[in-house]
Amino acid sequence: MADKRDYYDVLGVSKDASADDLKKAYRKLAKQYHPDMNPGDKTAEAKFKEVNEAYEVLSDSTKRQRYDQFGHAGVDPSYGAGAGAGGFGGGFGGFDVGDIFESFFGGGFGGFGGGSSRPRNPNAPIRGNDINVTVGLSFMEAAKGCKQQITVQRLEKCETCGGSGAKKGTSPETCPECGGTGQVKVQQRTPIGVIQTTRTCTKCSGKGKIVKEPCGDCRGMGRVRHTRTLEVSVPAGIDDGQTFVLRGQGDEGLNGGPSGDVNIMVTLRPDTLFERDGFDVWCDIPITFTQAVLGDEIVVPTIDGKVKYNVPEGTQSGTVFRLRNKGIPYVNGRGRGDQYVKVNIEVPRNLNAKQKDALKKFEDLSSDRNYEKRKSFFDKLKDAMK
Ligand SMILES: [Zn+2]
Ligand SMILES: [Zn+2]
């Protein structure tokens, strides 16, 4: 984190590059490092993120100005503040310069309930919370991808007051105590002289504005919780325990901050025919003694439907056949796994007299030639028991 590259270097432009230069440089690099062009390439992925981040800042004139003045600390709240998070685009959004100095110099000096992670400036944008949802899928739904409806309860901007928290027809008033700055100056007489400090205005809690008559719908909070049904495209190939993200579908941010995400975790219900092993599919098929001996065309279920497979003459019980590229599609990539088919001979039961008779006749006609393993076993047995 401390070694973030200079955004102008990332885009390969000079400090006085025009908006047009930036856009051209960005498009070229974004295309070059795009994940679709570089599947599975972690370096390209990191570069792509870096390029996006650099462009997000430099293409916004306000952020660019802050960046020019203060470097990364001017645009990234987690930079140098020890938060350690960051990395997710969209986390920037008007970070107040005053806040940076507070977090640099204000932290650590005890007595103020130190260590609080609450932003000092109550007007600073705050990203909305993420919402976590679990969705249960069948084997086939996960293998082929599907549409699902999920229900979330999320905080959205109050329509009635437009998010201001003030009753319809009124608007928040400038705080008379601090004149709208949210801060008041306090003078303290100490043995080393008069010290002037600033503290957060208590009348408005630092907001600089006062809501006299709160909006009835959100009780002055500016956000209300709604139950929403979202249609979700589940990517083909997703596995049990994996999560995918709906960006910006979580709680609405505060003070113009970005919305949170909806994280959808997948659980898979067991299937009666198929078992999954990563991107491979396993399936057990019982065959008859005769099919195994003489060979036969059997029907194999796959995720694409039924296919025919020729079991060769003399197939042993437990033999595993591989059907290439009949497995699960790779999530967000090309190609797919294989399907493994294990054939097990079902020993027949409940035979009638005629069937028993036929088998006995067959046995009488059999010789060691038909049973290599059996023969070698008895040879070994003979040697061992001498
Ligand atoms: Zn409201
Ligand atoms: Zn105030």
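Residues numbered from 1 in each chain as written. Chains lettered and ligands numbered in written order. Predicted model: local features only at pLDDT ≥ 70, side-chain atom pairs only at ≥ 80, totals over all residues. Heavy atoms only, no water.

Novice: Explain the packing of aromatic side chains to me, please; I cannot follow it from the model alone.
Specialist: For any pair of aromatic rings, geometry is given as the distance between the ring centres together with the angle between the planes. Within the structure shown, the criterion is met by 9 aromatic pairs. Ring plane angle 85° and centroid distance 5.0 Å describe the contact between F279 and Y330, whose orientation is recorded as edge-to-face. Here F279, found in the loop between β10 (275-277) and β11 (280-288), pairs with Y330, found in the loop between β14 (319-323) and β15 (339-346); they are 51 residues apart in sequence, far enough to count as distant. Note on Y330: relative accessible area 35%, which makes it partly exposed. (Phe/Tyr/Trp six-rings, centres within 6.5 Å; stacked < 30°, edge-to-face > 60°. Helix = DSSP H or I, 4+ residues; strand = E, 2+ residues; numbered from the N terminus. Buried < 20%, exposed > 50% of the residue type's maximum accessible area, 1.4 Å probe, protein only.)

Novice: Looking at this model, I keep getting lost on the pattern of salt bridges. Mind explaining?
Specialist: Proximity of charged atoms lets side chains of opposite charge pair with each other. Under the criterion given, the structure shown has 19 salt bridges. Here E53 and K4 are joined by a salt bridge, their closest N and O atoms 2.6 Å apart. Of this pair, E53 sits in helix α3 (residues 42-58) while K4 sits in the segment before α1 (7-11); the two residues are 49 residues apart in sequence, bridging distant segments of the chain. K63 is the partner of E56 in a salt bridge, and the nearest nitrogen-oxygen pair spans 3.8 Å. Exposure remark for E56: the relative accessible area of 25% places this residue in the partly exposed category. For K63, a relative accessible area of 11% puts it in the buried group. One salt-bridge network, in which partners are shared between bridges, spans R127, D130, R247 and D261. (Salt bridge = Lys/Arg side-chain N within 4 Å of Asp/Glu carboxyl O.)

Novice: Whenever I open this one, the coordination of the zinc ion (ligand 1) confuses me. Can you help?
Specialist: Between any two of four tetrahedral donors, the ideal angle at the metal is 109.5 degrees; between two of six octahedral donors, it is 90 or 180 degrees. Every protein donor of the zinc ion (ligand 1) is accounted for by C158 (SG), C161 (SG), C215 (SG) and C218 (SG), and the metal-donor separations fall at 2.3 Å. Each donor residue of the zinc ion (ligand 1) lies on one chain, and together they are spaced C-x2-C-x53-C-x2-C. Highlighted residues: C158 in the loop between β2 (146-157) and β3 (173-174) and C218 in the loop between β6 (209-210) and β7 (223-234), separated in sequence by 60 residues. For C218, a relative accessible area of 5% corresponds to the buried category. (Donors = N, O, S within 2.8 Å, 3.2 Å for Na, K, Ca; no water.)

Novice: What is the right way to read the packing of helix α2 (residues 19-33) against α3 from this model?
Specialist: Helices that pack against each other are described as a pair by the angle of their axes relative to one another and the distance between those axes. Remark: α2 packs on α3, axes separated minimally by 9 Å, with the N-to-C direction vectors making an angle of 160°. The angle between α2 and α3 places the two elements in the roughly antiparallel class. α3 is crossed by α2, and the crossing has left-handed handedness. For the pair formed by α2 and α3, the contact residues are L22, K23, Y26, L29, A30 and Y33 on the first element and A44, K47, F48, V51, N52, Y55 and L58 on the second. Classifying every residue of the contact of α2 with α3 gives 10 nonpolar, 1 polar and 2 charged. (Axes fitted to C-alpha atoms, helices over the stretch in contact; angles between N-to-C directions. Parallel < 35°, antiparallel > 145°, perpendicular 65-115°, else oblique. Left-handed = near helix turned anticlockwise from the far one by under 90°. Contact = heavy atoms within 4.5 Å. Nonpolar A, V, L, I, M, F, W, Y, C, P; charged D, E, K, R; others polar.)

Novice: Would you explain the pairing of strand β12 (residues 296-302) in this entry?
Specialist: Each regular strand displays side chains that alternate between the two surfaces of the sheet. Note: β12 against strand β13 (residues 305-311), 7 bridges, orientation antiparallel. Bridge assignment links I298 to a residue of β13, and that residue is Y309. Hairpin connection of β12 to β13: 2 residues between the antiparallel strands. (Pairing = 2+ DSSP bridges.)

Novice: Would you explain the UniProt feature "binding site: Zn(2+) 1" (unreviewed entry) in the protein in this entry?
Specialist: As annotated in UniProt, the feature "binding site: Zn(2+) 1" (unreviewed entry) corresponds to C158, C161, C215 and C218 in the numbering used here. Look at the named residues: they lie 61 residues apart in sequence, but the longest C-alpha span between them is just 9.0 Å, so in the fold they bunch up. Counting through the fold element by element, C161 comes out in the loop between β2 and β3. Beyond its immediate sequence surroundings of up to four residues, C161 is in contact with A166, C215, C218 and G222. Within the secondary structure, C215 is located in the loop between β6 and β7. You can call C215 buried: its relative accessible area is 2%. (UniProt positions renumbered as here; feature names shortened; annotations may be inferred.)

Novice: It is not clear to me how the sheet that holds strand β8 (residues 243-246) should be interpreted in this structure. Could you clarify?
Specialist: Hydrogen bonds between backbone groups are what pair the strands of a sheet, and the pairing can be parallel or antiparallel. Taken together, the 3 strands give an open sheet; going across it, the order is β1-β9-β8, and neighbouring strands pair in mixed fashion. Every other strand in the sheet has two partners, leaving β1 (131-137) and β8 as the edge strands with one partner each. With strand direction ignored, the average angle separating the axes of adjacent strands in the sheet is 30°. Bridging between β8 and strand β9 (residues 262-268) involves 4 bridges; their strand directions are antiparallel. Among the inter-strand pairings, F244 is bridged to a residue of β9, identified as I264.

Novice: Explanation requested: the nonpolar core in the structure shown.
Specialist: Generally speaking, nonpolar side chains in soluble globular proteins are found buried as a group. Y7, L11, V13, L22, V51, L58 and Y67 are the most contacted members of the largest nonpolar core, which totals 21 residues. Among the secondary structure elements, those contributing two or more residues to this core are α1, α2 and α3. For this core, the element with the most residues is α3, which contributes 7 residues. Contacts of Y67, omitting those with residues within four sequence positions, involve R5, D6, Y7, Y8, V57, L58, H72 and V75. The next biggest cluster of nonpolar side chains, apart from the first, holds 18 residues, and it includes I131, A142, C146 and V262. (Core = buried A, V, L, I, M, F, W, Y, C linked by side-chain atoms within 4.5 Å.)

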